[in-house]
Amino acid sequence: MAKQEDVFKKVISHAKEYGFIFSSSEIYDGLSAVYDYGQNGTELKNNIKKYWWMSMVQLHRNIVGIDASILMHPTTWEASGHVKAFSDPLIDNKDSKKRFRADVLIEEYCARLEEKAQKEIGKAKKRLGKAFDKKRFETTHPKVLEYRGKQQSILSRMAQSLEKENLEDIKKLIEELGIADPDTGSKNWTEVRQFNLMFGTKLGASTENATEIYLRPETAQGIFVNFPNVQKTSRQRLPFGIAQIGKAFRNEIVARQFIFRMREFEQMEMQFFVPPGTELMFYEEWKEKRMKWHLALGLGKENYKFHDHEKLAHYANAATDIEFRFPFGFKELEGIHSRTDFDLSAHEKFSGKKLQYFDPERNENYVPYVVETSIGLDRMFLALFSHCLKEETLEDQSVRTVLSLPPALAPFKAAILPLVKKDGLPEYAEGIVNELKYDFPMYYEEKDAIGKRYRRQDAIGTPLCITVDHNSLKDHTVTLRDRDTMKQERVKTENLRKIIDEKVNFRTLLSKIE
Ligand code: ATP
């Protein structure tokens, strides 16, 4: 089994074993691509939300936050284009009865061609050592040119056929390339069909009068339709933003990557409304700001990259993804899009209401342009969780599992551990918890040997452990153990609040992005 797969399996089992993520309705064997967050997962998720919300709303005077409903008037989705075009091309394998996204099968074929190209590059690098000129090799080596050329022609044919809704050609392409079901090797495919990803439901008491509505597939539209309400009541002037965190629902065709692709998930989106003609400047600004937000978490610059879209969605005039190195490779974590005036203009047309802004400097009314930043909360969770989960071999050759989360995001900030369950140590320890619980989420535990308790805290990412022993009662000092260095030091009980705060506060994190 590939090592990457092992790492990913470990991530999934650790998430379950330590109360971060469970399958939804697990006692009924779960519901495909739907997950529940457990006691520790919920805290971590709330802290990610807080980091995002503070960075957007609290640190920007010109960004305000809202919380729109999941159910919206059905015309919303006609105006936004989702009823017509929010679909993926699917194909079934007649033998295995498995369903795939036709475009993903083709993209994966191209990814394998790229792997071959990378192999050639790697071989040459090894052979030539310092004399290796990567750029020259890539532009002249016949095999690399062949693999890359083939990729390009396949992807552009696919893009053209999808654009023209020529699904027959997509099937033809799959057959020509000899693409097989990755699990069974069968090439017995059905026709390709478009499948709308929106979940429909009914609003109303009786079946005859019920209206067909949708669970929102993105949170953005709740912001667009509220633009005039928020602009007027907040008295904001352009440029200004509206931020929102909320659930979105997509009936994904293939959802086999844990919380990377879910059917019910959460988005953190911010729509920044700007005067026409300035959108590309703000787009660049937000690209930079969002990357800084990620880098401040300290997961390593080499694990992020921008992937600019060559083929733009009909509403965008620039778009990029921030990709992260997940255990299964670089994949989209966040999207940044310059969405022009597409959404507001469409809602104007469908609703018959003006969604314009009077610009006192230009002395004119216009429909604002929009730059959007959109990140999946669950994907962000997975990025953090999978990167921070480590197995370390210690000096005595024992292995410890540690979740080295950024301290501000850890579910618990400190654990208070009385060395023994007697002699007044629990009472002293509880006194500390009662003092600090108003400022920090604290963990209290008195069962098992202290080493075992430290390991349990390492596994859920608690940055500090505070051990109370017999000396604590005499001199009011405790042992402070650091999760990452495992160093222990003696500190005064009265200094604990200050020490913990310095380690875990959001200020340290947020000041890195300013
Ligand atoms: P993908 O190409 O992976 O399907 P997308 O381009 O459709 O994603 P957007 O519509 O741009 O995604 O949504 C913005 C963000 O929402 C994504 O960057 C991702 O983090 C998150 N997201 C989208 N779909 C899902 C999903 N099914 N499960 C979890 N997160 C998702």
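Keep in mind that this is a model prediction, so the values were computed, not measured.

J.: Looking at this structure, I do not really get the overall build of the protein chain. What am I missing?
T.: Each helix and strand counted, the protein chain has 18 helices and 23 strands in total. Along the first, second and third principal axes, the C-alpha atoms of the protein chain reach 80 × 65 × 60 Å. Across the protein chain, contacts joining residues at least 24 apart in sequence account for 66% of those joining residues at least 6 apart. For the protein chain, the exposed area adds up to about 26300 Å²; of that, 49% sits on carbon and sulfur atoms. On the protein chain, the mean spot of the 81 positive side-chain charges and the mean spot of the 78 negative ones are 3 Å from each other.

J.: How should the packing of helix H1 (residues 3-17) against helix H13 (residues 377-388) be read in this particular structure?
T.: Helices that pack against each other are described as a pair by the angle of their axes relative to one another and the distance between those axes. The interhelical angle for the contact between H1 and H13, taken along N-to-C directions, is 105°, at an axis separation of 10 Å. The angle between H1 and H13 falls in the class roughly perpendicular. On H13, the residues touching Phe8, Val11, His14 and Ala15 of H1 are Leu382, Phe385 and Ser386. The class makeup of the residues in the contact of H1 with H13 is five nonpolar, two polar and no charged.

J.: When you look at the site of the ligand in this model, what are you seeing that I'm missing?
T.: By nearness alone, 15 residues border the ligand, and Glu252, Arg261, Met262, Glu332 and Leu333 come closest of all. Between glutamine 267 and the ligand, the recorded distance is 3.3 Å, taken from a side-chain N or O atom to an oxygen atom. Measuring from an oxygen atom of the ligand, one finds a backbone N or O atom of leucine 333 at 2.9 Å. When the ligand sits alone it has 590 Å² of accessible area, and the protein chains cover 83% of it. Elements supplying a minimum of two residues to the shell around the ligand: strand E10 (264-274), strand E13 (329-340) and strand E16 (369-376). By residue number, the principal contributor to the shell around the ligand is E13, which donates five residues. By residue class, the composition of the shell around the ligand is four nonpolar, five polar and six charged.

J.: Hey, could you run me through helix H10 (residues 227-234) in this one?
T.: Owing to its 3.6 residues per turn, the α-helix brings residues three or four apart onto one side. The complete set of buried residues in H10 reads Phe227, Pro228, Val230 and Gln231. Structurally, H10 contributes buried residues whose contacts are with strand E3 (63-66), helix H9 (220-225), strand E9 (240-249), E10, helix H12 (342-351) and strand E14 (357-359). A positive backbone phi angle near 55° is found at arginine 235, which sits one or two residues after H10.

J.: I keep staring at the packing of helix H14 (residues 425-436) against helix H17 (residues 496-504) and nothing clicks. Help me out?
T.: With their axes 11 Å apart at the nearest point, H14 and H17 run at an angle of 55° to one another. The angle between the axes of H14 and H17 places the two elements in the oblique class. Both H14 and H17 take part in a crossing whose hand is right-handed. Contacts between H14 and H17 involve Ile432, Glu435 and Leu436 from the former and Leu496, Arg497 and Ile500 from the latter. Considering only residue class, the contact of H14 with H17 consists of four nonpolar, no polar and two charged.

J.: What should I look at first to understand helix H8 (residues 167-176) in this one?
T.: All of the buried residues along H8 are Leu167, Asp169, Ile170, Lys171, Leu173 and Ile174. Just beyond H8, the residue with positive phi is glycine 178, at close to 70°.

J.: Help me out: how do you make sense of the packing of aromatic side chains in this one?
T.: Aromatic ring pairs: the centre-centre distance and the angle between the two ring planes describe each pair. For the structure shown, the criterion picks out 24 aromatic pairs. Each ring, one from phenylalanine 8 and one from phenylalanine 328, has its centre 5.0 Å from the other, and the planes form 70°; the classification is edge-to-face. Of this pair, phenylalanine 8 sits in helix H1 while phenylalanine 328 sits in the loop between strand E12 (318-326) and E13, and the two are 320 residues apart along the sequence. Classification of phenylalanine 8 as buried rests on a relative accessible area of 12%. Feature note: the residues Phe8, Tyr35, Phe258, Phe260, Tyr304, Phe324, Phe326 and Phe328 constitute an aromatic cluster, connected by ring pairs. For lysine 287, the ring lying beneath its charged end belongs to phenylalanine 306, and the centroid distance is 4.8 Å.

J.: Mind showing me how you'd approach the environment of arginine 237 here?
T.: Mapped onto the elements, arginine 237 comes out in the loop between H10 and E9. The exposure class assigned to arginine 237 is exposed, which follows from its relative accessible area of 55%. Taking the C-alpha atoms as reference, arginine 237 lies 38 Å from glycine 41; in sequence the two are 196 residues apart. Not counting the four nearest positions on each side in its chain, arginine 237 is found in contact with Tyr357 and Pro360.

J.: Looking at this structure, I do not really get the nonpolar core. What am I missing?
T.: Within the largest apolar cluster, 64 residues are counted, with the highest numbers of intra-cluster contacts made by Phe20, Ile48, Tyr51, Trp52, Phe381, Leu382 and Leu409. No other element matches the eight residues that H13 contributes to this core. Counting residues in hydrophobic clusters, the runner-up holds 25 residues, among them Phe100, Leu167, Ile179 and Trp189.

Thresholds, definitions, all that
Residues numbered from 1 in each chain as written. Predicted model: local features only at pLDDT ≥ 70, side-chain atom pairs only at ≥ 80, totals over all residues. Heavy atoms only, no water. Helix = DSSP H or I, 4+ residues; strand = E, 2+ residues; numbered from the N terminus. Contact = heavy atoms within 4.5 Å. Areas by Shrake-Rupley, 256 points an atom, 1.4 Å probe, with all protein chains shown as cover. Lys, Arg positive; Asp, Glu negative; His and termini not counted. Charge placed at Lys NZ, Arg CZ, Asp CG, Glu CD. Axes fitted to C-alpha atoms, helices over the stretch in contact; angles between N-to-C directions. Parallel < 35°, antiparallel > 145°, perpendicular 65-115°, else oblique. Nonpolar A, V, L, I, M, F, W, Y, C, P; charged D, E, K, R; others polar. Near = heavy atom within 4 Å. Polar contact = N/O pair within 3.5 Å; in protein donor to acceptor, adjacent residues only side chain to side chain. Buried < 20%, exposed > 50% of the residue type's maximum accessible area, 1.4 Å probe, protein only. Left-handed = near helix turned anticlockwise from the far one by under 90°. Phe/Tyr/Trp six-rings, centres within 6.5 Å; stacked < 30°, edge-to-face > 60°. Lys NZ or Arg CZ within 6 Å of the ring centre and 35° of its normal. Core = buried A, V, L, I, M, F, W, Y, C linked by side-chain atoms within 4.5 Å.

What is shown is where atoms sit, not what they do.
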